[in-house]
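Notes for the structure review
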Amino acid sequence: MRSSKLVSHPVFGEGEVLDSRWQGSELLVRFQTGLRLWLPRHRVRFLVEVDESLLDAAVARSAGVDRVSACRMIEAFRLGIVPHQDVERFTFGRDQELKVIERMLAGLEQGRGDVVMFEGEYGSGKTHILELIHHRALQAGMVVSLVQFDPVEVSPHRPKRVYRELVRNLRFISGDREGGFRELLQLATRLDLADHVFFGPLLRKLKRLEPGARESEVFWQWVEGESTKEYATEMRSPYRVRGAQGIPALYDFSTAADFYCNIISAISWMSRQLGFRGLVLLLDEAETVTRLWDIVYLSKSINFMEGLVRVALNDPQLREVSDRLIHNQVRPVPYIYREPALLLIFATTPTPGEYGYLRLANSVRRKLELTPLAEQALVDAFATMIRIYERAYPGFKLPVEEQKRLLAWLGRKSSGGVRTFIKGCVEGLDIARLRQRGIISAPAEMSSRAG
């Protein structure tokens with residue numbers, strides 16, 4: 001995909017870059033209205049051009065896609081995403097990233113934890129990469145969980161909420177069935193974790209738990225980090241969990257980073273002891289660490305994230321309670337339990353001017369930038385979407401010349417963003433289909449825009 005001197009601004013519209021200064025951080029742009037302005041580079045979006053002739057040799061990968069699958073994929077494409085189950089067949093141009101992923105998964109198979117950070121702008125495909133890793137890690141016999149940070153609901157300065165999301169989304173495959181956190185703990189009852197501050201008493205209680213008892217569900221919800229105190233602590237409550245008083249509380253304060261890092265470390269250890277290859281923890285929207293304006297919360301958030309990084313790298317200093325780290329004041333524990341097997345993968349939008357982001361980024365040795373897809377990969381994806389759309393809507397056929405006009409239009413509108421490219425493609429095909437059926441009168445919106 002070729003970048004041009006043409007740019008788009010959210011207020012002034014399209015224009016042409018005439019000059020630059022301050023090492024390219026500011027651009028002189030002449031807009032179509034005649035206005036000439038110096039603007040910060042990040043305030044404009046560069047338009048791109050696609051070589052339409054590449055479409056003649058594009059490789060469309062639509063084998064094995066029946067009509068049901070095609071309809072499912074098109075509905076997801078309308079949101080700019082790819083369905084979980086189709087992520088393998090709809091990945092283009094990420095060969096280098098996949099090589100790194102395969103090496104890290106192979107390392108975890110050998111018991112070596114690691115950390116990697118995928119950086120990219122909004123719509124560059126970060127979540128898609130995480131979904132792909134999730135899929136491959138499950139296939140490779142690993143325990144996997146994907147946590148999406150949120151500045152309000154799942155912020156790193158509240159480690160219990162991260163833990164709750166982790167156990168809620170934890171998955172593994174055993175034989176021909178999928179399991180979650182409850183199944184993993186039930187398997188773990190055969191392990192010896194008597195020395196673990198949380199899982200030791202928890203697993204002892206689990207062995208005694210009567211499956212059909214009405215306290216069971218309350219107990220499980222408590223283990224999974226849900227608040228049950230309103231009805232589970234009352235002495236006369238029929239749902240009160242008896243015999244669980246010896247299990248430490250799941251602390252809901254920001255200094256409990258040691259406690260939850262220790263638990264996550266233990267989950268990775270027990271995963272490996274149960275015959276799985278280790279724990280893969282995927283953390284999306286990691287730049288959330290920078291969105292805390294309270295300096296105390298920011299400090300606690302950074303501490304938890306750095307703690308996770310050092311657990312994954314099996315830092316020997318984290319095997320002891322240290323004054324240099326933040327510990328909870330109720331029951332301080334080492335961040336690491338035994339020998340962790342944790343592969344930690346961040347996906348983040350770079351915010352280089354933010355202190356919190358720099359602290360996190362500097363703690364991760366391996367970073368991969370998700371650059372815009374190469375031109376041929378984008379054209380292959382486009383050709384595949386055309387074939388899938390035609391399969392979803394039998395009788396619809398888009399002539400080659402119209403495909404090329406749509407491709408050119410998409411290149412200018414998406415400016416390299418994969419998500420907007422996918423959404424724009426489906427919208428363009430919808431317009432073409434409705435036009436062919438006579439629902440939209442000519443000229444079509446897309447055709448007129450493509451000029």
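Anyway, here's the lowdown on the structure attached to this text.

Rules and cut-offs
Here the residue index of a chain counts from 1 through its sequence in written order. With pLDDT at 70 or above as the cut-off, local features in this predicted model cover only qualifying residues; side-chain atom pairs require 80 or more to be listed or tallied, and sums for whole chains, interfaces and linings still use all residues. Values reported for side chains reflect all heavy atoms of the structure, with hydrogen atoms and water molecules removed beforehand. Secondary structure elements follow DSSP: runs of H or I of four or more residues count as helices, runs of E of two or more count as strands, with numbering from the N terminus. The classification of residues rests on relative accessible area computed with a 1.4 Å probe and restricted to protein chains. Under 20% of the type maximum is buried, over 50% is exposed, and intermediate values are partly exposed. Residue burial considers only the protein chains on display, and all accessible areas are found by Shrake-Rupley using a 1.4 Å probe. Positive charges are assigned to Lys and Arg, negative charges to Asp and Glu, while His and the chain termini are left out of the count. Where a charge lies is defined by one atom per residue type: Lys uses NZ, Arg uses CZ, Asp uses CG and Glu uses CD. Any two strands are treated as partners once DSSP identifies two or more bridges connecting them. Lines fitted to C-alpha atoms define the axes here, with helix axes fitted over just the stretch in contact, and angles between the N-to-C directions of these axes take values from 0 to 180 degrees. Contact between two residues is taken to exist if any of their heavy atoms lie within 4.5 Å; hydrogens are not considered. Computed over the protein atoms alone on a 1 Å grid, cavities are sets of points where a 1.4 Å probe fits but cannot get out and pockets are open sets with protein on both sides within 12 Å along at least five of seven lines; a residue lines them when it has an atom within 4 Å of a point. Grid points are joined across faces, edges and corners, and a volume is the space filled by probe spheres set on the points. Oblique is the label for any angle not under 35 degrees, not over 145, and not in the 65 to 115 range, which are roughly parallel, roughly antiparallel and roughly perpendicular in turn. Think of it as three bins: nonpolar holds Ala, Val, Leu, Ile, Met, Phe, Trp, Tyr, Cys and Pro, charged holds Asp, Glu, Lys and Arg, and polar takes everything else, Gly as well. Salt bridge, as used here, is a side-chain nitrogen of Lys or Arg placed within 4 Å of a carboxyl oxygen of Asp or Glu.

1. Topic: the overall build of the protein
When you go through the protein residue by residue, the secondary structure sums to 15 helices and 12 strands. Counting across all 451 residues of the protein, residues that qualify as buried make up 53%. Only carbon and sulfur atoms are counted for the fraction: they give 49% of the accessible area of the protein, which is about 21,500 Å². Within the protein, the 56 negative side-chain charges are centred at a point lying 2 Å from the centre of the 63 positive side-chain charges.

2. As for the pairing of strand β7 (residues 143-148)
A regular strand carries its side chains on alternate faces of the sheet. Of all six residues that make up β7, five are buried, and the element is covered over most of its length. Sheet topology note: the β7/strand β10 (residues 279-284) ladder contains six bridges and is parallel. Residue pairing for β10: V143 is matched across the bridge by L279.

3. Side note on the environment of L370
Mapping L370 onto the fold places it in the loop between β12 (367-369) and α12 (375-392). Residue class for L370 comes out buried when judged on its relative accessible area of 4%. Note: C-alpha distance between L370 and E119 (251 residues apart in sequence) is 5.9 Å.

4. So, the sheet that holds β7
The strand order across the open sheet formed by five strands is β7-β10-β11-β6-β12, and the pairing between neighbours is parallel. Two strands close off the open sheet at either side, each with one partner strand: β7 and β12. Across the sheet, the mean angle from the axis of one strand to that of its neighbour is 15 degrees, orientation sign disregarded. When strand β6 (residues 114-119) meets β12, the two strands line up parallel, connected through three bridges. Bridging across to β12, M117 finds its partner in K367. Its contacts with the sheet put helix α2 (residues 95-109) on β6, β10, β11 (342-348) and β12, and the angle it makes with β6 is roughly 160 degrees. Across the sheet, helix α11 (residues 355-363) is in contact with β6, β11 and β12; its angle to β6 comes to roughly 135 degrees.

5. Some points on the layout of surface pockets
Computed from the structure, the second largest pocket encloses a volume of approximately 620 Å³. Residue lining of the second largest pocket: 36 residues in total, with G80, G125, T127, H128 and R419 positioned closest to the centre. Put simply, the parts of the chain that give the lining of the second largest pocket at least two residues each are α3 (126-139), β11, α12 and α14 (418-436).

6. Quick look at the environment of D19
Relative to the elements of secondary structure, D19 occurs in strand β2 (residues 13-21). Given the relative accessible area of 41%, D19 is considered partly exposed. Note: C-alpha distance between D19 and K5 (14 residues apart in sequence) is 9.9 Å. If sequence neighbours within four positions are ignored, D19 has contacts with E26, L27, L28 and W38.

7. Section: the packing of helix α10 (residues 295-312) against α11
In the contact formed by α10 and α11, the axes pass within 10 Å of each other and the chain directions differ by 10 degrees. Between α10 and α11, the angle falls in the class roughly parallel. On the side of α10, the interface is formed by L298, I302, M305, E306 and V309, while α11 contributes Y355, G356, R359, L360 and S363. By residue class, the composition of the contact of α10 with α11 is six nonpolar, two polar and two charged.

8. Some points on the side chain of R433
Following the sequence through the fold, R433 ends up in helix α14. Here R433 falls in the buried class, since its relative accessible area comes to 13%. Contact partners of R433, with chain neighbours within four places excluded, come to R78, Y389, Y393 and F396.

9. Some details on the pattern of salt bridges
In the structure shown here, the tally under the stated rule is 25 salt bridges. For R171, the salt bridge identified is with E178, shortest N-O distance 3.6 Å. Judged by its relative accessible area of 28%, R171 falls in the partly exposed class. Of the charged contacts, one joins E306 and R359 as a salt bridge, the two residues approaching to 3.0 Å between their closest N and O atoms. Highlighted residues: E306 in helix α10 and R359 in helix α11, separated in sequence by 53 residues. Here the salt bridges do not stand alone but share partners, grouping E75, R78, D430 and R433 into one network.

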